Amino acid sequence: MSAGDRPGLLPVEEALAKLMSLAESAPITEVERVALADADGRVLAAPLIAGLDLPPWANSAMDGYALCLAEWRGEPMAVSQRIQAGSAPKPLQPGSCARIFTGAPLPAGADTVEMQENVEVDGVGRVRFREPLKLGQNVRPQGQETRVGDHVLPAGTRLGPIELGLAASLGMAELQVRRRPRVAVVSTGDELVEPGLPLGPGQIYNSNRRLLITWLQRLGCAVVDGGILADDLAQTRAALSALSDVDLILSTGGVSVGEADFLGVALREEGELTLWKLAIKPGKPLTFGQFRGVPVLGLPGNPASTLVTFGLLARPYLLRRLGVQRVEPLGFAMPAGFTWSKPGKRREYLRARLEGGRVVPYPNQSSGVLRSAAWAEGIAEVLEGSTLVEGDSLRFIPLSEILG
Ligand code: AMP
Ligand code: MG
C-alpha cells in the first residue's frame, strides 16, 4: 500500500495538491523555438521581454490637428504639414499646426491633438480650435503601454490569440516554448470497439479515446494513441511496455477493484499504484502511479467521469508539468435554478447550463451519459454535505475554462 491508499474519501483539493507536487517533481523542461504561427496553446519557456517601446513613438489617437499648446493664443493656426500613419513627420513649424491621422507619429514640437470634429477650417485653410484644449490630449505617448526591457509575459504563460498578438506587436517572430508533452491515451475494456466497426454483442463504442485525444491536442500535447487494452494482464503489460518514451500514460477504466481491472495489477507488479477514492461524483476512482518509471494517470471509465476528472485534475497536472502556475479553471458564483435536498458525501459536479441567469442541471446525471456534457455549458459544484434551494449560490465552471 502506498501513502495515497487509505480508507476514507480524498477531498478533491487534496488530490489536486498531491498532483501538483507530483507534477513539479517531473517538469517537462526542454525548450524549443517556434514561429508564432505554431505557438498557439504552447507554454512560454522564458519571459517575453520587450525589445522596444510601445508605442515606439508618440502618436495621435485621433484624426485631427497636432499643435504645441503653449504656442496657441486662441487665434486660428496655419496647417504646415500633413502626417499620415506610416509617414515620418518634419519638426512642427513654430506657430503652426499639422494635419494628423490616427496612429501617425506626432511631429517634434507638438504635444496636443484636437479631433477634427472640434475645429473649423476657414477660407484660407487655417484651423480654428473651438473648444478649450488640454495639454497632451489625444496623444499616445511613447512607451505608454510598454517600455523596452519590460517583462510583458512571465515564463509559464499559456499562449493564445492575445499573447500571440502581443508578441507580434513587439516584433517577435518566434518564441521559446516548452516542448509538447507526449501523452499516451489508452482505453481499457473488452467491451470497447472503435467507431466505424460493427458492434458485437455486449460491446460499446469507445468514446473516451476520441474525447481525450482531441482535448489533449487542444492542450498542446503530442498524443500517442495507445489503443484499446483488452482485459488481459499479458496484453496490458505488453501494451504499457511499448509506451516507454512518453511523459504520461493516460488511461481510462480498468482501475477499480473489479476482477477485470488489469491496469491496476500491471502497475502494482511493475511500477507503483496509488488508488484514490475521490470525494467527487462523478469520478470516484482515480489512480496515480508509474509503469517502469513512466507516470500513469488512470481516470475512471465512464465518460462523464473521464470528463470531470480530466478537466479538474489531469489538465491542471499536465499544465503544471509545463510550468503553468494558474492551472485551475475560473468558477463563478451563480444562483441555483434547482433544489438539492439530499446532502451527499461526495462533491457533485453537475453538467449544467445557465438559463435565465440560473444554473439548470441536465436531467440525467449518470456518469455514463456523455450527452449531459454536450448539452451543458459548464460544471456546477454542489459541495459535500450541503443542500440547496432555488436561488442559493453555487460555483459554476464554464466548460470553456477547461476545454482548451
Ligand atoms: P471500468 O472502470 O473499466 O469498470 O469502466 C466503467 C464503465 O465505463 C463501464 O461501463 C465501461 O464500459 C465504461 N467505459 C470504460 N471505458 C470506456 C470508454 N473508453 N468509452 C466508453 N465507455 C467506457
Ligand atoms: Mg473496464
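Refer to the preceding data block for the structure.
Keep in mind it's a predicted model, so treat the numbers as computed, not measured.

**Description of the state of the cysteines**
Scanning the model with the defined rule gives 0 disulfides in all. Cys97 forms no disulfide, and the closest cysteine sulfur to it belongs to Cys68, at a distance of 12 Å.

**Here we look at the packing of helix α1 (residues 12-24) against helix α6 (residues 303-321)**
Remark: α1 packs on α6, axes separated minimally by 8 Å, with the N-to-C direction vectors making an angle of 25 degrees. Viewed along their axes, α1 and α6 adopt a mutual orientation that is roughly parallel. By crossing handedness, the relation of α1 to α6 is classed as right-handed. The residues of α6 that touch α1, namely those facing Val12, Ala15, Leu16, Leu19, Met20, Leu22, Ala23 and Glu24, are Leu312, Leu313, Pro316, Tyr317, Arg320 and Arg321.

**What about the layout of surface pockets?**
In this structure, the largest pocket occupies an estimated 600 Å³ of space. Contributing to the lining of the largest pocket are 25 residues, with Arg158, Arg315, Leu319, Val324 and Arg326 lying nearest its centre. Sorting the residues of the lining of the largest pocket by element identifies α2 (161-169) and α6 as the ones contributing at least two each. Residue-level mapping places the lining of the largest pocket at the junction of two domains, with at least three residues from each of domain 1 (3-30 + 180-321) and domain 2 (33-53 + 145-178). Of the volumes computed, that of the second largest pocket is approximately 350 Å³. Together, 28 residues line the second largest pocket, and Glu191, Gly253, Pro300, Gly301 and Asn302 are the ones closest to its centre. Those elements that provide at least two residues to the lining of the second largest pocket are β13 (182-188), β15 (204-205) and α6.

**Overview of unusual backbone geometry**
Look at the link from Leu54 to Pro55: it is a cis peptide, with omega at -15 degrees. The omega torsion across Lys281 and Pro282 is 0 degrees, close enough to zero to call that bond cis. Tracing the backbone through its elements, the reader meets Pro282 in the loop between β19 (280-281) and β20 (285-291). Positive phi outside glycine occurs at Asn138, with the angle close to 60 degrees. Locating Asn138 in the fold gives a position in the loop between β9 (127-129) and β10 (139-140). With a phi close to 45 degrees, Arg292 is a non-glycine residue in the positive phi region. Structurally, Arg292 can be placed in the loop between β20 and β21 (294-299).

**Observations regarding the packing of helix α4 (residues 233-241) against helix α5 (residues 262-270)**
For any two helices packed against each other, the geometry is given by the interaxial angle and the distance between the axes. The interhelical angle for the contact between α4 and α5, taken along N-to-C directions, is 65 degrees, at an axis separation of 9 Å. Seen along the crossing, α4 lies across α5 with a hand that is right-handed. Facing α4, whose interface residues are Leu233, Thr236, Arg237 and Leu240, α5 presents Phe262, Leu263, Val265, Ala266, Leu267, Glu269 and Glu270. The residue makeup of the contact of α4 with α5, split by class, is 7 nonpolar, 1 polar and 3 charged.

**Overview of the pattern of salt bridges**
Tallied over the full model, the rule gives 22 salt bridges. Between Glu30 and Arg179 there is a salt bridge whose closest N-O contact spans 3.3 Å. With Glu30 in the loop between α1 and β1 (31-35) and Arg179 in the loop between β12 (174-178) and β13, this residue pair connects regions lying 149 residues apart in the sequence. For Glu120, the salt bridge is made with Arg130, and the minimal N-O distance between the two is 3.4 Å. On the criterion of sequence distance, the pair formed by Glu120 in strand β8 (residues 119-121) and Arg130 in the loop between β9 and β10 is long-range, its members being 10 residues apart. With a relative accessible area of 35%, Glu120 lands in the partly exposed category. Overall, Arg130 belongs to the partly exposed group, its relative accessible area being 38%.

**Description of the environment of Pro285**
Position of Pro285 relative to the elements: it lies in strand β20. Residue classification places Pro285 among the partly exposed positions, given a relative accessible area of 25%. Between the C-alpha atom of Pro285 and that of Leu170, which follows or precedes it by 115 residues, the distance is 47 Å. Non-local contacts of Pro285, meaning those with residues more than four positions away in its chain, are made with Trp276, Gly298, Leu299 and Pro300.

**Observations regarding the sheet that holds strand β5 (residues 79-83)**
With mixed pairing, the 4 strands of this open sheet are ordered in space as β5-β6-β4-β7. Two strands in the sheet have a free side with no partner beyond their single neighbour: β5 and β7 (112-115). Strand-to-strand, the axes of this sheet are offset by a mean angle of 30 degrees, without reference to chain direction. Two strands pair when backbone bridges link them, and β5 and strand β6 (residues 97-100) are joined in this way by 4 bridges, in the parallel orientation. Bridge pairing links Val79 to Cys97 in β6.

The rules behind the values
Residues numbered from 1 in each chain as written. Chains lettered and ligands numbered in written order. Predicted model: local features only at pLDDT ≥ 70, side-chain atom pairs only at ≥ 80, totals over all residues. Heavy atoms only, no water. Disulfide = S-S within 2.5 Å. Axes fitted to C-alpha atoms, helices over the stretch in contact; angles between N-to-C directions. Helix = DSSP H or I, 4+ residues; strand = E, 2+ residues; numbered from the N terminus. Parallel < 35°, antiparallel > 145°, perpendicular 65-115°, else oblique. Left-handed = near helix turned anticlockwise from the far one by under 90°. Contact = heavy atoms within 4.5 Å. 1 Å grid on protein atoms, 1.4 Å probe; cavity = no way out; pocket = protein on both sides within 12 Å on 5 of 7 lines; lining within 4 Å. Points joined across faces, edges and corners; volume = space filled by probe spheres on them. Domains from an automatic or database assignment. Nonpolar A, V, L, I, M, F, W, Y, C, P; charged D, E, K, R; others polar. Salt bridge = Lys/Arg side-chain N within 4 Å of Asp/Glu carboxyl O. Buried < 20%, exposed > 50% of the residue type's maximum accessible area, 1.4 Å probe, protein only. Pairing = 2+ DSSP bridges.

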